[in-house]
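# Examining the three-dimensional arrangement
Below, each chain spelled out in residue letters.
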Amino acid sequence: MLSCYINYKSIEKPLPWKDLLVEIGFGRGDFTVKLAKDNPDRKIIGFELSAVSVEKLMKRVKKENLRNVHCVRLDAYWGFYLLLKDSSVERIYMNYPDPWFKKRHHKRRLTKEDNLYIFARKLKKGGEIRIRTDHRPFVEFTLEEAGKLSAFEISVRRLEVEEPLTKYERKWLLEGKELTEIIMKKVKDPPERSIPRLKEVKELFPVKVEGKELNLRALENSQFQLGEKVYLKFFKFYEGEEGYLLETLLSEEGFLQKFFILVKRKGNSYVVDVSPFSEVLRTENVQRAVQVVAEEGFV
Ligand SMILES: C[S@@+](CC[C@H](N)C(=O)[O-])C[C@H]1O[C@@H](n2cnc3c(N)ncnc32)[C@H](O)[C@@H]1O
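Residues numbered from 1 in each chain as written. Predicted model: local features only at pLDDT ≥ 70, side-chain atom pairs only at ≥ 80, totals over all residues. Heavy atoms only, no water.

### Quick word on a positive patch on the surface
Cut-off, in case you're wondering: Only residues whose relative accessible area exceeds 30% and that take part in no salt bridge are eligible for patches, with like-charged residues grouped when within 9 Å of each other and nonpolar side chains (Val, Leu, Ile, Met, Phe, Trp, Tyr) grouped when within 5 Å. Surface accessibility follows the Shrake-Rupley procedure with a 1.4 Å probe radius. Residue values consider only the protein chains on display as shielding. Salt bridge, as used here: a side-chain nitrogen of Lys or Arg that lies within 4 Å of a carboxyl oxygen of Asp or Glu. When charges are tallied, Lys and Arg are placed among the positive residues and Asp and Glu among the negative ones, while His and the ends of the chain are skipped. Every charge is mapped onto a representative atom, which is NZ of Lys, CZ of Arg, CG of Asp or CD of Glu. We count a stretch as a helix when DSSP gives it H or I for four or more residues in a row; a strand needs E for two or more, and each element gets its number in order from the N terminus. Exposure is judged per residue with a 1.4 Å probe applied to protein chains only, and the accessible area is read against the type maximum: over 50% gives exposed, under 20% gives buried, and values in between give partly exposed.
A cluster of basic residues, Lys102, Arg104, Lys107 and Arg108, forms a positive patch at the surface. Here Arg104 shows up in the loop between β4 (89-95) and α4 (113-122). Taking relative accessible area as the criterion, Arg104 reaches 56% and is therefore assigned exposed.

In structure tokens form, the structure reads like this:
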């Protein structure tokens, strides 16, 4: 049985569950806990970026002995993309998602078209996305993005909140703000489109380098573009007991991974591999990063 915390890097994907209730950006987890108690027969999954929020939810779940809640520390888009099967979600909740006020930051909004597309694919027909917000321009933005997909029947209403209030609800109600709820019911699948993707591999293989001298200094602070929207950057390298560790950052379609590449001496040759202490999502581009070190880090 999976524990409350799901480490998306090391489990078999996608998850086998269906009729899921998903909360995106659960913050302190008040709403998640209520959802779990109200629906003891359902699986609840929460996606959160904040490690502190994940810690807090795990503590509460343990204290209250809830067995149907799981949380993942991951951006919601990639969480849906990697972990959930198509048509496996009954309802998605987003309570007070960050509105990203400035126009140039709108592409970070949770309700941008690419995100709504992946959410729609994972929802079953008749399933819903329920969004609460205190920010009117965010409502307008969301309606515009959702309209592009022709997958939803949409309604907007003034929200009458019931206890328990989330941290933000309490604050805004005290300030006398008007709160809005957007309900998007999936009526059909959105037409297929090209979206950000990751290609996972089953295993990562070490690369052997023979007859060359080590020159990792040449890689420090260097950058490579491995493909469209795929960037690789190396920072410092360190000499450890095991060998040399090169700090690496990989950005694939905006999915970021930081890890160490280990270069180890073996007899007259070297072996380049992802450090066993770095846990990575095994993608084709992680393998290519190892390859780049084997090709460019030696003379
Ligand atoms: C304004 S808070 C609201 C928290 C909570 N829902 C509430 O009502 O109190 C927004 C939360 O969404 C999380 N978040 C923002 N973008 C996210 C993303 N792309 N994926 C998952 N969580 C995200 C943030 O870390 C933050 O905890």
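Having seen it, we continue.
### Considering the environment of Gly126
For clarity, the threshold we go by: Should any heavy atoms of two residues lie within 4.5 Å, those residues are considered in contact.
Structurally, the position occupied by Gly126 is in strand β5 (residues 123-133). Other than its neighbours up to four places away in sequence, Gly126 contacts Lys185 and Lys186.

### Thoughts on the domain arrangement of the protein chain
Inclusion rule: As annotated, the domain borders come from an automatic or database domain assignment.
On domain assignment, one finds that the protein chain holds domain 1 (20-186) and domain 2 (207-296). A C-alpha centroid distance of 36 Å is found between domain 1 and domain 2.

### Looking at the packing of aromatic side chains
Condition: Pairing of aromatic rings covers Phe, Tyr and Trp, the last through its six-membered ring, and needs centres within 6.5 Å; plane angles under 30 degrees mean stacked, over 60 mean edge-to-face, and all others mean tilted. Two thresholds decide whether a charge sits over a ring: the Lys NZ or Arg CZ must be within 6 Å of the ring centre and within 35 degrees of the ring normal.
Enumeration according to the criterion identifies 14 aromatic pairs in this entry. Taking 6.3 Å as the distance between ring centres and 65° as the angle between the ring planes, the aromatic pair formed by Tyr238 and Phe260 counts as edge-to-face. Linking Tyr238 in strand β10 (residues 230-239) with Phe260 in strand β12 (residues 255-266), this pair joins segments that are 22 residues apart in sequence. A residue is classified by how much of its surface remains accessible, and Tyr238, at 37% relative accessible area, is partly exposed. Here the aromatic cluster, defined as three or more aromatic residues joined through ring pairs, consists of Tyr8, Tyr77, Trp78, Tyr81 and Phe255. One residue, Arg108, lies across the ring of Trp100, its end atom 4.7 Å from the ring centre. When the ring centre of Phe235 is taken as origin, the NZ or CZ atom of Lys258, which lies over that ring, is 5.2 Å away.

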